Amino acid sequence: FRHPDPDAEIGKLLHSVRLFPERAHLVGAYTLGKAQRVIALIRKAGYREPIYLHGAMEPLSRYYLSKGIDLGELLPVREKKKSELAGTITLCPPSALKEVWSRRFPDPVTCYASGWMRVRARARQSLVQLPLVISDHADWDGLRETVMATGASEIWVTHGQEDALVHWCGQQGLKARPLEIVGYGDEDETDGISESGEAGTLE
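Keep in mind that this is a model prediction, so the values were computed, not measured. (Residues numbered from 1 in each chain as written. Predicted model: local features only at pLDDT ≥ 70, side-chain atom pairs only at ≥ 80, totals over all residues. Heavy atoms only, no water.)

Draft legend 1. Focus on helix 2 (residues 34-44). Burial within helix 2 is extensive, with eight of its eleven residues counted as buried. Within the span of helix 2, buried status applies to K34, A35, Q36, V38, I39, L41, I42 and R43. G46 sits one or two positions beyond helix 2 and adopts a positive phi of about 100°. (Buried < 20%, exposed > 50% of the residue type's maximum accessible area, 1.4 Å probe, protein only. Helix = DSSP H or I, 4+ residues; strand = E, 2+ residues; numbered from the N terminus.)

So this is what it looks like as structure tokens:
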């Protein structure tokens, strides 16, 4: 994976909001960290309208605000009528995109902020209309830069397609080997997401 510029991904979202003012935009994002990062990116792009939150998003987002992190005006979506949500952006857990909860919005555009959205099949399986490739994990270039920055003489590789990075390390004259973790790979990876909403595998 090579991740695109996150600002450009947010640009796609805001372009869609302008293009479809009669529709609501629902953005699925993990509750801890990812949601707040997406909000910050939206604000960085100049969007000053209120951003609405699913109930699960409220406590952590309010905590960020209490620590002086400016995320702009955040409002609970539960207080709004369906007609009032046209042209708005709402953040929610990814699972909520498929739930009855999403029906409270006028003709919603479903978006999902995740590095997994780079894989088109994942977006289709999740019924995502506007995939936003925004990842909190290192991509291929980031992994290589990190390996070199450590100055380590031996690299142990795990959590993903180990053979590619082991091969690259060998080309750089570095000793490397895959590290096998007992039980890793036994979990269900049908969608890469655990019940807790955490990514099941790194990108």
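Past the structure itself, the notes keep going.
Draft legend 2. The packing of aromatic side chains, seen in detail. Taken as a whole and judged by the stated rule, the model has one aromatic pair. Over the ring of F20 we find R23, and its NZ or CZ is 5.4 Å from the ring centre. Stacked on the ring of W156, the Lys or Arg R177 has its end atom at 4.5 Å from the ring centre. (Phe/Tyr/Trp six-rings, centres within 6.5 Å; stacked < 30°, edge-to-face > 60°. Lys NZ or Arg CZ within 6 Å of the ring centre and 35° of its normal.)

Draft legend 3. Spotlight on the pairing of strand 1 (residues 25-28). The side-chain alternation of strand 1 yields two buried faces, one formed by H25 and V27 and the other by L26 and G28. Sheet topology places strand 1 next to strand 4 (residues 89-92); four bridges connect them, and they run parallel. Following the sheet pairing, H25 is matched in strand 4 by I89. (Pairing = 2+ DSSP bridges.)

Draft legend 4. Summary view of helix 1 (residues 6-19). Its 14 residues place the ends of helix 1 20 Å apart at the C-alpha level, agreeing with the 20 Å of an ideal helix rising 1.5 Å per residue. Residues of helix 1 that are buried: E9, I10, L13, L14, S16 and V17. The arc enclosing the buried residues of helix 1, seen along the axis, measures out at 155°, which places them on a common side. Among the exposed residues of helix 1, those pointing more than 90 degrees away from its buried face are R18 and L19. Where helix 1 is buried, its residues touch strand 1, helix 2, strand 4, strand 5 (109-113) and strand 6 (130-132). If you check the start of helix 1, you find a side-chain oxygen 3.0 Å away from the backbone N of D7, and it comes from D5. (Expected span 1.5 Å × (residues − 1). Arc of directions from axis to C-beta. Contact = heavy atoms within 4.5 Å. Polar contact = N/O pair within 3.5 Å; in protein donor to acceptor, adjacent residues only side chain to side chain.)

Draft legend 5. Expanded view of the side chain of Q36. With respect to the helices and strands, Q36 occurs in helix 2. At 3.2 Å, the side chain of Q36 forms a polar contact with the backbone oxygen of T31. Only 2.7 Å separates the side chain of Q36 from the backbone nitrogen of G33, close enough to count as a polar contact.

Draft legend 6. Summary view of the packing of helix 1 against helix 2. One can describe the packing of helix 1 onto helix 2 by two numbers: an axis separation of 10 Å at closest approach and a directional angle of 75°. In terms of their interaxial angle, helix 1 and helix 2 are classed as roughly perpendicular. The residues of helix 2 that touch helix 1, namely those facing P6, D7, I10, L13 and L14, are R37, V38, L41, I42 and K44. Looking at the contact of helix 1 with helix 2 residue by residue, the class counts come to seven nonpolar, no polar and three charged. (Axes fitted to C-alpha atoms, helices over the stretch in contact; angles between N-to-C directions. Parallel < 35°, antiparallel > 145°, perpendicular 65-115°, else oblique. Nonpolar A, V, L, I, M, F, W, Y, C, P; charged D, E, K, R; others polar.)

As far as function goes, none of this settles anything; it's purely spatial.
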